[in-house]
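Given next are the chains, with one letter for each unit.
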Amino acid sequence: VFGVVGDSTVYASRYFDAGTAPHGSQFFMMEDVDGFAYVCTDNIDTRSYSEVTMTIWVFVSSTSWESSDVLKVWIKGKHPDHGEQEVVLLESTNFDHDDDVDEAVWQQIAGTAFGLDEVQMCFGLESDHNQEEALFDDLRLSGLPRGATACISLESRPALPVAISIDYKPRSNITSGT
């Protein structure tokens, strides 16, 4: 199951209480996706910025995670000289023993990419059990304009008026290291 919780398209979790989402009353949920499901925004033009910072709030359910389960947050981008690039903000497995991810609390993940002409903000989950859930909220992008010393927000209200693409890779097609 994946979708937006709070707009009647997806039910709220029946296994845990995530409390109030950090921003607004809706958040994105992934549960028991039986493969790697991920979401990326459309390309965002960042040619006017020397660096961009992505932030997102993540909630991981407190359950028995396996080492094959993966939570990933990343920036996909195009560098004018080096082509396609990926900046991984978080890639975590076996959350029961991972110090990078706390279970059952909302936590903010952030990371910065430099010199990209366009970016996509992405997040995804690989899991295979109905109690393995991750929630995502308040996806934001800010940037440092070229030649400037202070960051500005690239989003508008409502945040980031761009479409979101969803993709899925069945567990049987996933190779080690991807």
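This section reports on the structure supplied with the text. Predicted, not measured: the structure shown is a model, and the values here were computed from it. (Residues numbered from 1 in each chain as written. Predicted model: local features only at pLDDT ≥ 70, side-chain atom pairs only at ≥ 80, totals over all residues. Heavy atoms only, no water.)

## Concerning the pattern of salt bridges
(1) Moving on: Applying the stated rule across the entire model yields 5 salt bridges.
(2) Moving on: Glu 86 is paired through a salt bridge with Lys 72; the nearest N and O atoms lie 2.9 Å apart. Of this pair, Glu 86 sits in strand S7 (residues 83-93) while Lys 72 sits in strand S6 (residues 70-79), and the two are 14 residues apart along the sequence.
(3) Moving on: Exposure remark for Glu 86: the relative accessible area of 45% places this residue in the partly exposed category.
(4) Moving on: Since its relative accessible area comes to 11%, Lys 72 is described here as buried.
(5) Moving on: Residue Arg 140 is joined to Asp 138 by a salt bridge in which the shortest nitrogen-to-oxygen separation is 2.8 Å. (Salt bridge = Lys/Arg side-chain N within 4 Å of Asp/Glu carboxyl O. Helix = DSSP H or I, 4+ residues; strand = E, 2+ residues; numbered from the N terminus. Buried < 20%, exposed > 50% of the residue type's maximum accessible area, 1.4 Å probe, protein only.)

## Structural notes on the pairing of strand S9 (residues 118-127)
(1) Moving on: In terms of burial, S9 is largely enclosed, as 9 of its 10 residues are buried.
(2) Moving on: Here strand S3 (residues 35-41) runs beside S9; their pairing, made up of 6 bridges, is antiparallel. By the bridge assignment for S9, Val 39 is matched with Phe 123.
(3) Moving on: By the bridge criterion, 2 bridges tie strand S4 (residues 44-45) to S9 in an arrangement that is antiparallel. Across the sheet, the residue bridging to Asp 45 is Glu 118, located in S9.
(4) Moving on: Across 9 bridges, the pairing between S6 and S9 is antiparallel. Bridging across to S9, Ile 75 finds its partner in Met 121. (Pairing = 2+ DSSP bridges.)

## A word on the nonpolar core
(1) Moving on: One finds Met 30, Met 54, Ile 56, Leu 71, Phe 123 and Phe 136 to be the most contacted residues of the largest nonpolar core, which totals 30 residues.
(2) Moving on: Looking at this core, the elements with two or more residues in it are strand S2 (27-31), S3, strand S5 (49-60), S6, S7, strand S8 (106-114), S9 and strand S10 (133-145).
(3) Moving on: Top element by residues in this core is S5. It accounts for 6 residues.
(4) Moving on: Those residues in contact with Met 54, other than ones at most four positions away along the chain, are Val 73, Trp 74, Ile 75, Leu 89, Ile 109, Ala 110, Gly 111, Met 121, Cys 122, Leu 139, Arg 140 and Leu 141.
(5) Moving on: Listed in part, the 6 residues of the second largest apolar core include Phe 27, Met 29, Phe 59 and Trp 106. (Core = buried A, V, L, I, M, F, W, Y, C linked by side-chain atoms within 4.5 Å. Contact = heavy atoms within 4.5 Å.)

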